[in-house]
Amino acid sequence: MSSKVILEKKQFDITIDRLCIELIEKHGTFQNSAIIGLQPRGTYLSKRIYNRIKQLTGKSNILYGELDIAFYRDDFRRGNEQILPSAMDINFTVADKHIVLIDDVLYTGRTIRSALDALTDFGRPAKVELLVLVDRRFSRHLPIQPDYTGIAVDTRANDKVKVEWTENNKQDVIHIITQN
Amino acid sequence: MKRFSQKHLLGIKDLTREDIELVFETADNFKAIINRPIKKVPSLRDVTIANIFFENSTRTRISFELAQKRLSADVINFSASSSSVSKGETLVDTVKNILSMKVDMVVMRHPAPGACLFLAKHINAQIINAGDGTHEHPTQALLDAYSIREKLGSVKGKKVVIVGDITHSRVALSNIFCLQKLGAEVMVCGPTTLIPKHIASLGVKIEHDLMKALQWCDVANMLRIQLERQEIKYFPSLREYSMLFGLNKEKLQKLNKEIVIMHPGPINRGVEITSDVADSKHSIILDQVENGVATRMAIMYLLAGSSPQ
């Protein structure tokens, strides 16, 4: 097993800043837009982006929520692992809003499919976009693509992409772990 | 990784404290879901559940059915009075016939203690006990403890008195197991004839004076007098029972503190509890009913998820 760093601390911050700028370019002051992070791991990134956008735009009333997809997964009762839910926290109506879904790694696209199902149970958004920190290209099982990408990587099926966060008592870094 | 340790839910006795806490944490999520406009999730869409009731029930049956529908499971309902059980079919035959229609989970209520355990040994489906005679009623105990946790913040260290017919009550036995596993102190209170002789061996306190019990407790769970299970007389009259063991406003006002009042339903108003107490702000009886749906969703979700197809 070998591990390779693909994004370390300094580049990490620059990438997140760039994603925030791209979002502001598209959504302006977030008047009719909302940021929704996917539980459990996407919320580290979504909180960072939410706070940075508040700084950059000077607006403090941007809508922010966290979405859990456990009850919407398509692999329930298909593996041996028990799928346990995380907290759901969306205190606004998503109907007619422009939603930015945020997750750390986009791989097969199944999580995002479940997230779209979960999201529409809260209402009918005007538009949904996807932001990911890492896009594992050419490995999709479903026709889903990101609108904003931190870094795109080419990986093999048994590789693992691991994102670590200072909020999680690690340091900001992205690894690819390769099984030999 | 946490997971539910059991394949079936036969009784609280089989569960660990971690299992119970897992049910509560999962129920928190479901409680949020049943309070939003779209109250349904697709988790159990490939699961078929049979509700088999050999005894009458309103709350439990409706609560289970609602929980199943909110999890998107397919549901069949069966009650003994309108079935071939009255033609002499045995329990195993009845259930085997139902299972051959490809049922994954059975929720059963039966008048015989141990009926669910018996079924679990003979049938290849997950069994949930919805009350077996005077033995256990695990989902009621879970929703009771969940309601206490919601009202008081935690169950640990709390003092709970269970008042009434302890001998015939499956709710009492399951509650004792559940509350003790979560670290609460439990007392039972009732006439001598309705307190089983060896109940102290479970580590519960015994009290025959309701006022003393109320002074001691944080929570009082008032059980229903089960008139259908009293083939002989255990107390002289309902009037005398309600004078000695019924909860009314005067008794509550004599206490120098506030306590939480619970009742598993259905209430015999004026017997174990008066209307003014049942409908007062101390009572969490209707919260118990709401929490019943959330905890039952959690149990069925965890059981279904712990056994792959």
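Rules behind the numbers
- Residues numbered from 1 in each chain as written.
- Chains lettered and ligands numbered in written order.
- Predicted model: local features only at pLDDT ≥ 70, side-chain atom pairs only at ≥ 80, totals over all residues.
- Domains from an automatic or database assignment.
- Contact = placed C-beta atoms within 7 Å.
- Helix = DSSP H or I, 4+ residues; strand = E, 2+ residues; numbered from the N terminus.
- Nonpolar A, V, L, I, M, F, W, Y, C, P; charged D, E, K, R; others polar.
- Pairing = 2+ DSSP bridges.
- Axes fitted to C-alpha atoms, helices over the stretch in contact; angles between N-to-C directions.
- Parallel < 35°, antiparallel > 145°, perpendicular 65-115°, else oblique.
- Left-handed = near helix turned anticlockwise from the far one by under 90°.

This brings us to the domain arrangement of chain B. Many descriptions give the size of an interface as the accessible area lost when the pieces come together. Residue and element names in this part refer to chain B. Domain annotation for chain B reports domain 1 (12–137 + 290–306) and domain 2 (138–288). With 24 residues of domain 1 at the interface, the matching set in domain 2 holds 25 residues. Elements supplying a minimum of two residues to the side of domain 1 that touches domain 2: helix H1 (17–33), strand E4 (126–132) and helix H11 (285–306). Per element, the largest residue contribution to the side of domain 1 that touches domain 2 is six residues, and it comes from H11. The residue makeup of the side of domain 1 that touches domain 2, split by class, is seven nonpolar, 10 polar and seven charged.

What follows deals with unusual backbone geometry. Among all residues save glycine, negative phi is the norm, and among peptide bonds the norm is trans. Going from Gln39 of chain A to Pro40 of chain A, the amide bond is cis rather than trans, its omega being -5°. The residue Pro40 of chain A is located in the loop between strand E2 (33–38) and helix H2 (42–57) in this model. The linkage connecting Gly265 of chain B with the following residue, Pro266 of chain B, adopts the cis geometry, with an omega of -10°. On the secondary structure map, Pro266 of chain B appears in the loop between strand E9 (260–262) and helix H10 (275–278). A positive phi angle, close to 65°, is found at Arg77 of chain A, a residue other than glycine. Looking at the secondary structure, you find Arg77 of chain A in the loop between strand E3 (63–67) and strand E4 (98–106). Unusually for a residue other than glycine, Ser72 of chain B sits at a positive phi of about 70°. Assignment of secondary structure puts Ser72 of chain B in the loop between helix H2 (59–70) and strand E2 (74–79).

Turning our eyes to something else, we now look at the sheet that holds strand E5 (residues 159–163) of chain B. Residue and element names in this part refer to chain B. Across the sheet, five strands lie side by side as E7-E6-E5-E8-E9; this open sheet has parallel pairing. Two strands close off the open sheet at either side, each with one partner strand: strand E7 (205–207) and E9. Strand after strand, the sheet turns through a mean of 25° between neighbouring axes, direction not considered.

With that settled, the discussion passes to the packing of H1 of chain B against helix H5 (residues 138–152) of chain B. All names here are of chain B. Contact geometry of H1 with H5 gives a least axis separation of 11 Å together with a crossing angle of 65°. Looking at the two axes, H1 sits roughly perpendicular to H5. Where H1 crosses over H5, the two elements pack in a sense that is right-handed. Seen from H1, the contacting residues are Ile20, Val23, Phe24 and Ala27; seen from H5, they are Leu142, Tyr146 and Arg149. Class assignment of the residues belonging to the contact of H1 with H5 gives a composition of six nonpolar, no polar and one charged.

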